[in-house]
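Chain by chain, the residues run as shown.
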Amino acid sequence: MTSGGHNRTKDPIDQTGAPPFSASDFVDDGKYHLLLAASGSVATIKLPNIIQGLAKRTDVSIRVLLTESSANFLQGQSDEQPHIEAIRKYPNVDAIYRDEDEWRTPWTRGAPILHIELRRWAHDMFIVPVSANTLAKLAYGLSDNLLTSVVRAWEVIPPSLVSRESQSADTRFSRRPGLQKVIYIAPAMNTAMWVHPATGEHLDKLVKYGTREGTFPWIEILRPQEKELACGDTGTGAMRDWQEILAKIESCVETHELFP
Amino acid sequence: MTSGGHNRTKDPIDQTGAPPFSASDFVDDGKYHLLLAASGSVATIKLPNIIQGLAKRTDVSIRVLLTESSANFLQGQSDEQPHIEAIRKYPNVDAIYRDEDEWRTPWTRGAPILHIELRRWAHDMFIVPVSANTLAKLAYGLSDNLLTSVVRAWEVIPPSLVSRESQSADTRFSRRPGLQKVIYIAPAMNTAMWVHPATGEHLDKLVKYGTREGTFPWIEILRPQEKELACGDTGTGAMRDWQEILAKIESCVETHELFP
Amino acid sequence: MTSGGHNRTKDPIDQTGAPPFSASDFVDDGKYHLLLAASGSVATIKLPNIIQGLAKRTDVSIRVLLTESSANFLQGQSDEQPHIEAIRKYPNVDAIYRDEDEWRTPWTRGAPILHIELRRWAHDMFIVPVSANTLAKLAYGLSDNLLTSVVRAWEVIPPSLVSRESQSADTRFSRRPGLQKVIYIAPAMNTAMWVHPATGEHLDKLVKYGTREGTFPWIEILRPQEKELACGDTGTGAMRDWQEILAKIESCVETHELFP
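In this text, all values refer to a predicted model and were calculated from it rather than measured experimentally.

Engineer: What is the right way to read the overall build of chain A from this model?
Structural biologist: A tally of regular secondary structure across chain A gives 11 helices and 10 strands. Put simply, chain A has 260 residues, and 59% of those count as buried. Long-range contacts, defined here as pairs at least 24 residues apart, represent 76% of the contacts in chain A between residues at least 6 apart. By element, 50% of the accessible surface of chain A is carried by carbon and sulfur atoms, the whole surface being about 10,100 Å².

Shown next, in the form of structure tokens:
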């Protein structure tokens, strides 16, 4: 790692002593804020493809969020599995977060809370891939790491429908009053895991969180495809083709620019 | 840390080689046994206020139980956030437990099991605060650390209503045959987390565990208040004022003394 | 630990650089493949008895799977609690796995995935004991360690009833086309935990996964017995007698030999 200033501003790990990330500093940067997360599945190896597919855009800012399990798959062990430090230098990647970043600076009153700042900052979140375990944690509202804490703090019910007194400060940051921030999840798992009844329960439970008092499409499922899996099984469960996910991200960027 | 005998009897970390804590040694100490736990939320910083609010009492014994996340907030980083070692010396604090205390001495047959001894010892348990993640774990019966193991082992259904053969040895320790030990929980979280439909499901599920075969108020929810939160949001989700929680503890102490 | 070849072939920890375990190498070994797992309960100390009870058989291959919590109980702290390294040398024990074995070799495309290989290899799985926490994780489809990942990847619905396109490669390994692989679980916990309404919900939920589109006995519960528990309570919750569990394993071996 170089000691150059460029890398230091991009790397939260290098910002020892610097004030933590604050979403309000980025309200007017004119970019679509993509929070791109991955949980532990072999499909994590498609993340570099997706980021590189966005390399030529100048209107996207990407913050990457990796769980500890997903980081196993990005250690530079093969050409298609670059090291996290290499991904940090890709165009448009403005930060990479891991769990230890949440409380890196011992929290004192008034300091930003990372999972809340990431929610505020993001125009949308893509979880590519979501593993079977992370899917279960999201479904049951467990929030034991940075990724699941961001999702747990997501505004499932739009602020305009929550009582005025309970509105969060996010309305200050929202530049899309008519649009809800969406979490797109791309499940990836072994075929037996995918066809297991638990998977259907998890997906149903997540969708229903947004339909209590109306229909709020706070989450959208990018369903798996059928192919030979990493483990040798053939069947459904493989993550949706990364190029389709890239196309979905690009359509979100364009929608954002029409309705900023 | 001094090597004096006083500190050694209070600090389980210092009791290397000593027999682990046994609830039966404290049956006749004439005190109200307060098991005061905290899980990872910024509201953990109110714990010192509550303990100090009990400082003048001579009829209370406090055992503090901290999850790994909550301990982040008590590292001495500010005046209102004293270090755990400082709290250990507060009046009435007779022990502080963390997860590593559970199996500190490799378990052999006949040795006490900490989460069971804590349940036996406690007249009531206060979880101040309970985080969104710990709330979810309690709701679904997950018990992956000391705090959640104590709650999972709580007697939701009073021993007198369980078949005689299945009664636990706790009846030997109970000095309040007509009263059930209660877990009081004070949720604290970001407004969006609090209004999330998952929160309501978790609270409902917990309460219903005590209403299967009658109505057993094994758990009582100290609902959040509305105020500006640590993260800058304004709305519901902030922990109930610590002075109200202190008043509730004091009323439990007094009830205990009327019906010992 | 000796540096002899015998131990090296049995110990995955010693196989640094060797290709990871592949189920297909063992299809024709003529043995009943027993995947014997334990999660964190004091009843883990019965595992050595069960393994030794199978010592005279020549038709059984045992792979042991220990969670981190269960390993606490097998550290050589007493005669009935031998060290894991000692168990590794018992007759018929062909490997012992712990969580760190899952991604010991940084995963690259084409490499086996341990929790899938273990499912393929196993004729049946016995979880002896299953703790309250692991039972909850299994019920809700959480898969955050090796044991829960194997169960999450189990074929709850037989391949013949999943659409042809979604069948897993396990049919290649199955030598019992008419029989489903079964997970036998032996819960062990404190009496208050056992009679807690959460326990019943967990057991019901697990059984129902196999009854969506018919009745598939993918899981069988070996219910606890009543006795004085390790913690001093008397009541239900103690693990089923290890000799009864051994008898169940032996009947599975015999069924396997009738319908290989």
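From this point, the discussion proceeds with the structure in view.
Engineer: Help me understand the environment of V150 of chain C in this model?
Structural biologist: Residues and elements named next belong to chain C. By the secondary structure assignment, V150 is in helix α7 (residues 146-152). Overall, the relative accessible area of 0% leaves V150 in the buried class. With 36 residues separating them along the chain, V150 and L114 place their C-alpha atoms 8.6 Å apart. The contact partners of V150, leaving out residues within four places of it in the chain, are L35, L65, H115, L118, R119 and M125.

Engineer: Would you mind showing me how to read the side chain of H33 of chain A here?
Structural biologist: Residues and elements named next belong to chain A. Note that H33 resides in strand β1 (residues 32-38). A distance of 2.8 Å separates polar atoms of two side chains, one belonging to H33 and the other to D29. Among the polar contacts made by the side chain of H33, one reaches the main-chain carbonyl oxygen of W121 at a distance of 2.7 Å. Leaving out residues up to four positions away in the same chain, H33 has contacts with F26, S61, W121, A122, H123 and D124.

Engineer: Please explain the sheet that holds β1 of chain A as it appears in this structure.
Structural biologist: By way of backbone hydrogen bonds, the strands of a sheet pair with one another, either parallel or antiparallel. Residue and element names in this part refer to chain A. On the basis of which strands lie adjacent, the open sheet formed by six strands has the order β5-β2-β1-β6-β7-β8 and parallel pairing. Lying at the two open borders of the sheet, with one neighbouring strand each, are β5 (93-97) and β8 (219-221). Here the average twist between neighbouring strands, direction ignored, is 20°. Here helix α6 (residues 132-139) sits on the sheet in contact with β6 (124-130) and β7 (182-187), set at roughly 135° to β6.

Engineer: What should I look at first to understand the interface of chain A and chain C in this one?
Structural biologist: Many analyses report the size of an interface as the accessible area lost when the parts associate. The partner chain C presents 34 residues to the 36 residues of chain A that form the contact. Here chain A packs against chain C, burying approximately 2,700 Å² in sum over the two surfaces, 56% of which is carbon and sulfur. When the area that chain A buries against chain C is broken down by residue, the three leading residues are M193, H196 and P197 of chain A, summing to 19%. On the surface where chain A and chain C come into contact, there are two salt bridges. Put simply, E80 of chain A and R109 of chain C hold a salt bridge, and the shortest N to O gap is 2.5 Å.

Engineer: Would you explain the pattern of salt bridges in this entry?
Structural biologist: Once their charged atoms are close, side chains differing in charge can pair, the charge on each being opposite to the other. Counted under the stated rule, the structure contains 36 salt bridges over all chains. R57 of chain A is the salt-bridge partner of E254 of chain A, the closest N and O atoms lying 3.6 Å from each other. Of this pair, E254 of chain A sits in helix α11 (residues 242-258) while R57 of chain A is found in the loop between α2 (47-53) and β2 (60-66), placing the two residues 197 residues apart along the sequence. E68 of chain C is the partner of R98 of chain C in a salt bridge, and the nearest nitrogen-oxygen pair spans 2.9 Å. Remark: E68 of chain C occurs in helix α3 (residues 68-71) and R98 of chain C occurs in the loop between β5 (93-97) and α5 (114-121); sequence separation between them is 30 residues.

Engineer: Even after reading the chapter, I still don't get the relation of the copies chain B and chain A, so can you show me in this structure?
Structural biologist: Look at the two chain copies: a rotation about an axis and a shift along it is all it takes to match them. The operation relating chain B to chain A is a screw motion whose rotation component is 120°, with 0.0 Å of axial translation and a residual RMSD of 0.0 Å. Read as a symmetry element, the transformation amounts to a three-fold axis. Every residue of chain B has its C-alpha some distance from the rotation axis, and the shortest such distance is that of Y140 of chain B, at 4.8 Å. When you check the interface residues of chain B against chain A, a mere 6% turn up at the interface there too, and the two sides of the contact use different surfaces.

Engineer: Please clarify how the confidence of the model for chain A should be interpreted in this entry.
Structural biologist: Low-pLDDT stretches of the model should not have their predicted coordinates read in fine detail. Residues and elements named next belong to chain A. Mean pLDDT over chain A works out to 85, with 83% of the residues at or above the 70 mark. Note on residues 1-18: pLDDT under 50 across the span, and 29 contacts to partners over four residues away in sequence or across chains. The model gives residues 164-178 a pLDDT under 50, and that stretch makes 42 contacts with residues more than four places away or in other chains. The ipTM value of the predicted complex is 0.90, and its pTM value is 0.90.

Engineer: Please explain the interface of chain B and chain A as it appears in this structure.
Structural biologist: Counting from both sides, the interface comprises 36 residues of chain B and, opposite them, 34 residues of chain A. Counting across the chain B and chain A interface gives two salt bridges. Close ionic contact of E201 of chain B with K205 of chain A constitutes a salt bridge, the shortest N to O distance being 2.5 Å. Counting residues per element, the ones that place at least two in the side of chain B that touches chain A are β3 (75-78), α6 (132-139), α9 (191-195), α10 (197-209) and β10 (234-238) of chain B. Residue contributions to the side of chain B that touches chain A peak at five residues, all from α10 of chain B. Here the residues of the side of chain B that touches chain A sort into 15 nonpolar, 15 polar and six charged.

Engineer: Explain the sheet that holds strand β8 (residues 219-221) of chain B to me, please; I cannot follow it from the model alone.
Structural biologist: Residues and elements named next belong to chain B. One open sheet accounts for six strands, arranged β5-β2-β1-β6-β7-β8; its pairing is parallel. A strand with exactly one partner marks an edge of an open sheet, and here the two such strands are β5 (93-97) and β8. On average, adjacent strands in this sheet sit at an angle of 20° to one another, irrespective of strand direction. Looking at chain direction, strand β6 (residues 124-130) and strand β7 (residues 182-187) are connected through five bridges and run parallel.

Engineer: Explanation requested: the packing of helix α6 (residues 132-139) of chain C against helix α10 (residues 197-209) of chain C in the structure shown.
Structural biologist: In a pair of packed helices, the angle between the axes and the distance between the axes together describe the arrangement. Residues and elements named next belong to chain C. Direction vectors running N to C along α6 and α10 enclose 40°, while the axes themselves pass 9 Å from each other. Relative to α10, α6 is oriented oblique. The interaxial crossing formed by α6 with α10 has left-handed handedness. On α10, the residues that touch L135, A136, L138 and A139 of α6 are T199, H202, L203, K205, L206 and Y209. In terms of residue class, the contact of α6 with α10 is built from seven nonpolar, two polar and one charged.

Engineer: Honestly, the relation of the copies chain A and chain C in this entry has me stumped. Any pointers?
Structural biologist: Here chain A sits on chain C after a turn of 120° about the axis and a move of 0.0 Å along it, with an RMSD of 0.0 Å. When you check the interface residues of chain A against chain C, a mere 6% turn up at the interface there too, and the two sides of the contact use different surfaces.

Engineer: Hey, could you run me through unusual backbone geometry in this one?
Structural biologist: Backbone geometry follows two general trends: most residues other than glycine have a negative phi, and most peptide bonds adopt the trans configuration. Look at the link from V128 of chain B to P129 of chain B: it is a cis peptide, with omega at 0°. The phi angle at N92 of chain A is positive, at roughly 75°, despite the residue not being glycine. Among the structural elements, N92 of chain A can be located in the loop between α4 (84-87) and β5.

Engineer: How should the packing of aromatic side chains be read in this particular structure?
Structural biologist: Think of a pair of aromatic rings as described by two things: how far the centres are apart, and how the planes are tilted against each other in angle. Taken as a whole and judged by the stated rule, the model has 18 aromatic pairs over all chains. On the basis of an interplanar angle of 50° and a centroid distance of 6.2 Å, the ring pair of F21 of chain A and Y97 of chain A is categorised as tilted. A residue pair is termed long-range when its members are at least 10 positions apart, and F21 of chain A in the loop between α1 (5-10) and β1 and Y97 of chain A in strand β5 qualify at 76 residues. Residues F21 of chain A and Y97 of chain A agree in their burial class; the two are buried. Taken together, F21, F26 and Y97 of chain A form an aromatic cluster joined through their ring pairs. Here the guanidinium or amino end of R63 of chain C rests over the ring plane of F26 of chain C, the centre of that ring lying 4.8 Å away.

Engineer: So what exactly am I meant to see when it comes to α6 of chain B here?
Structural biologist: Since the α-helix turns once every 3.6 residues, residues separated by three or four places project in the same direction. The buried count for α6 of chain B comes to eight of eight residues, which makes it a mostly enclosed element. Among the structural elements, α7 (146-152) of chain A together with β6, α7 (146-152), β7, α9 and α10 of chain B are those in contact with the buried residues of α6 of chain B. In the stretch just after α6 of chain B, G141 of chain B is the one whose phi turns positive, near 75°.

Engineer: In this structure, what is going on with the pairing of β5 of chain C? I would like to understand it.
Structural biologist: Consecutive side chains of a regular strand alternate in pointing toward one face of the sheet and then the other. Residue and element names in this part refer to chain C. Of all five residues making up β5, four are buried, and the element is well covered by its neighbours. Sheet topology note: the strand β2 (residues 60-66)/β5 ladder contains four bridges and is parallel. Its bridge partner lying in β5, R63 is registered against A95.

How each quantity is defined
Residues numbered from 1 in each chain as written. Chains lettered and ligands numbered in written order. Predicted model: local features only at pLDDT ≥ 70, side-chain atom pairs only at ≥ 80, totals over all residues. Heavy atoms only, no water. Helix = DSSP H or I, 4+ residues; strand = E, 2+ residues; numbered from the N terminus. Buried < 20%, exposed > 50% of the residue type's maximum accessible area, 1.4 Å probe, protein only. Contact = heavy atoms within 4.5 Å. Areas by Shrake-Rupley, 256 points an atom, 1.4 Å probe, with all protein chains shown as cover. Polar contact = N/O pair within 3.5 Å; in protein donor to acceptor, adjacent residues only side chain to side chain. Pairing = 2+ DSSP bridges. Axes fitted to C-alpha atoms, helices over the stretch in contact; angles between N-to-C directions. Buried area = accessible area lost by both parts, 1.4 Å probe. Salt bridge = Lys/Arg side-chain N within 4 Å of Asp/Glu carboxyl O. Least-squares fit on C-alpha atoms with pLDDT ≥ 70 in both. pLDDT = per-residue confidence, 0-100. Nonpolar A, V, L, I, M, F, W, Y, C, P; charged D, E, K, R; others polar. Parallel < 35°, antiparallel > 145°, perpendicular 65-115°, else oblique. Left-handed = near helix turned anticlockwise from the far one by under 90°. Phe/Tyr/Trp six-rings, centres within 6.5 Å; stacked < 30°, edge-to-face > 60°. Lys NZ or Arg CZ within 6 Å of the ring centre and 35° of its normal.

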